[in-house]
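Listed below, chain by chain, are the residues.
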Amino acid sequence: MNDVVPPGTDLTARLVITGAGGQVGRELLRLAPAARAYPRSLLDITDPAAVESALRPGDIVINCAAFTAVDRAESEPEAAFAGNATGPAVLAAACARSGARLIHLSTDYVFPGTGTAPYEPGDPTGPTTVYGRSKLAGELAVRENSPHAQIVRTAWVYRGTDGDFVATMRRLERERDTVNVVTDQIGSPTYAADLAAGLLELAHHPDPPAVLHATNSGRASWFDLARAVFAGIGADPGRVRPCTSAEFPRPAPRPAFSVLSGATWQNAGLTPLRPWESALTEALTGPAH
């Protein structure tokens, strides 16, 4: 499955995108329009028969399907584990049986969020939320059922549309004089278009590591990111006011530190994702898609 692909092979035609209606799935389809795309309405990855019928030998499956409602997962753990653990287990087993390669998207939430140095793929996990535990269970299921699969963890993904953090800051800039944003959560803002391009490069890579991290480089707090959004659209970043997580309690605690190291990605010969600041500039000024 991980052998070098013969020259001239059209990998795009072999791509299968599950969870194609989400942020990353939509960017993958924009960049690889010939891929077979399955939003949840067309393929429930917890349905073994449906998954089996969707796959062909030699497919490269990029799984973006997930239950991503972090707070709702606390009160709906069964749904979270179905989407984030059962589904990937079914998909991985089907890929192994059919001779397809699986690239599975995971998250910084598998870590405890108490670190001070960027997390490496081999660092100890320790999720503190239902969402994180369900995503870690999915990783374990993928590794067990499809040993040649790749797991790609990412963090703080946005497109700048459809209600994500960047889009929300743009909306609040129009609606409010000031906005309070937390300063005590640090992570790696990641532009979905850049992540999608990285995943497509990975799909062409002959023998990558089993677990990788892919985010835009650098680090920021949500406060830093919000100020950068305001500045990027010509608004006064001083209108973004700092606050603490304690002032905004949520059902699921957010990791205080979730910066992911890109060293393994780069050492594998994959192109590092650019700094988050330049990616954000493109998201704010480039054509909407």
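Residues numbered from 1 in each chain as written. Predicted model: local features only at pLDDT ≥ 70, side-chain atom pairs only at ≥ 80, totals over all residues. Heavy atoms only, no water.

Turning to the environment of Ser98, a few remarks are in order. Residue placement: Ser98 occurs in helix H5 (residues 77-98). Leaving out residues up to four positions away in the same chain, Ser98 has contacts with Leu55, Arg56, Pro57 and Gly58. Polar side-chain contacts of Ser98 include one of 2.9 Å to the backbone oxygen of Ala94. (Helix = DSSP H or I, 4+ residues; strand = E, 2+ residues; numbered from the N terminus. Contact = heavy atoms within 4.5 Å. Polar contact = N/O pair within 3.5 Å; in protein donor to acceptor, adjacent residues only side chain to side chain.)

Ordered in space as E2-E1-E3-E4-E5-E10, the six strands form an open sheet in which the pairing is parallel. Each end of this open sheet is capped by a strand with a single partner; those strands are strand E2 (36-38) and strand E10 (211-213). Averaged over all neighbouring strand pairs, the angle between strand axes comes to 20°, with direction disregarded. Where strand E5 (residues 150-154) lies against E10, three bridges are found, and the strand directions are parallel. Bridging across to E10, Val152 finds its partner in Leu212. (Pairing = 2+ DSSP bridges. Axes fitted to C-alpha atoms, helices over the stretch in contact; angles between N-to-C directions.)

Direction vectors running N to C along helix H9 (residues 222-232) and helix H11 (residues 276-285) enclose 45°, while the axes themselves pass 10 Å from each other. In terms of orientation, H9 lies oblique with respect to H11. Read as a crossing pair, H9 and H11 show a hand that is right-handed. Residues Asp224, Leu225, Ala228, Val229 and Gly232 of H9 form the contact with H11, whose participating residues are Trp276, Leu280 and Leu284. For the contact of H9 with H11, the residue count by class is six nonpolar, one polar and one charged. (Parallel < 35°, antiparallel > 145°, perpendicular 65-115°, else oblique. Left-handed = near helix turned anticlockwise from the far one by under 90°. Nonpolar A, V, L, I, M, F, W, Y, C, P; charged D, E, K, R; others polar.)

Turning next to the nonpolar core. Ranked by internal contacts, the top residues of the largest apolar core, which has 33 residues, are Tyr158, Met169, Val181 and Leu280. Residue assignment for this core shows that the elements contributing at least two residues are helix H7 (165-175), strand E7 (179-182), H9, strand E12 (240-243) and H11. Top element by residues in this core is H9. It accounts for six residues. With residues up to four places along the chain from it excluded, the contact list for Val181 reads Phe165, Met169, Trp222, Phe223, Ala226, Val240, Arg241, Pro242 and Cys243. (Core = buried A, V, L, I, M, F, W, Y, C linked by side-chain atoms within 4.5 Å. Buried < 20%, exposed > 50% of the residue type's maximum accessible area, 1.4 Å probe, protein only.)

On inspection of all chains with the given rule, the structure shows zero disulfides. Cys95 provides the cysteine sulfur closest to Cys64, a residue in no disulfide bond, and the two sulfurs are 13 Å apart. Overall, the relative accessible area of 16% leaves Cys64 in the buried class. Using a relative accessible area of 0% as the deciding quantity, one classes Cys95 as buried. (Disulfide = S-S within 2.5 Å.)

Glancing now at the packing of aromatic side chains. Tallied over the entire structure, the rule returns six aromatic pairs. Ring plane angle 20° and centroid distance 5.6 Å describe the contact between Tyr158 and Tyr191, whose orientation is recorded as stacked. Pair noted here: Tyr158 is in strand E6 (residues 157-158) and Tyr191 is in strand E9 (residues 190-191), with a separation of 33 residues, a long-range link. The exposure class assigned to Tyr158 is buried, which follows from its relative accessible area of 2%. Three or more aromatic residues joined by ring pairs form one cluster here, namely Phe111, Tyr119 and Phe257. (Phe/Tyr/Trp six-rings, centres within 6.5 Å; stacked < 30°, edge-to-face > 60°.)

A few words now on the pairing of strand E3 (residues 60-63). Burial of the side chains of E3 extends over both faces: Ile60 and Ile62 are buried on one face and Val61 and Asn63 on the other. When strand E1 (residues 15-18) meets E3, the two strands line up parallel, connected through four bridges. Among the inter-strand pairings, Val16 is bridged to a residue of E3, identified as Val61. In this structure, E3 lies alongside strand E4 (residues 101-107), joined through four bridges in parallel fashion. Within E4, the position partnered with Val61 by the bridge is Leu102.

Moving on, we come to the pairing of E4. Across the seven residues of E4, seven count as buried, placing the element largely inside the fold. Taking the sense of rotation as the criterion, the β-α-β connection linking E4, helix H6 (residues 130-145) and E5 turns out right-handed. (Right-handed = clockwise from strand over helix to strand, strands pointing away.)

Attention now goes to unusual backbone geometry. Among all residues except glycine, the phi angle is most often negative; among peptide bonds, the trans geometry is most common. You will see that Trp156, though not glycine, has its phi angle at about 50°, which is positive. Here Trp156 is to be found in the loop between E5 and E6. Its relative accessible area of 12% is what places Trp156 among the buried residues. At Asp162, a position not held by glycine, the phi torsion is positive, near 60°.

So, about the confidence of the model for the protein. Confidence in the prediction of the protein, expressed as mean pLDDT, is 94, and 94% of residues score 70 or more. The model gives residues 1-9 a pLDDT under 50, and that stretch makes 14 contacts with residues more than four places away or in other chains. (pLDDT = per-residue confidence, 0-100.)

Quick look at the packing of H7 against H9 now. One way to put it is that H7 packs onto H9 with a least axis distance of 9 Å and a crossing angle of 55°. Overall, the two elements H7 and H9 adopt an arrangement that is oblique. Crossing geometry of H7 relative to H9 is assigned as right-handed. Where H7 abuts H9, its residues Phe165, Val166, Met169, Arg170 and Glu173 lie against Trp222, Leu225, Ala226, Val229 and Phe230. Of the residues contributing to the contact of H7 with H9, the split by class is eight nonpolar, no polar and two charged.

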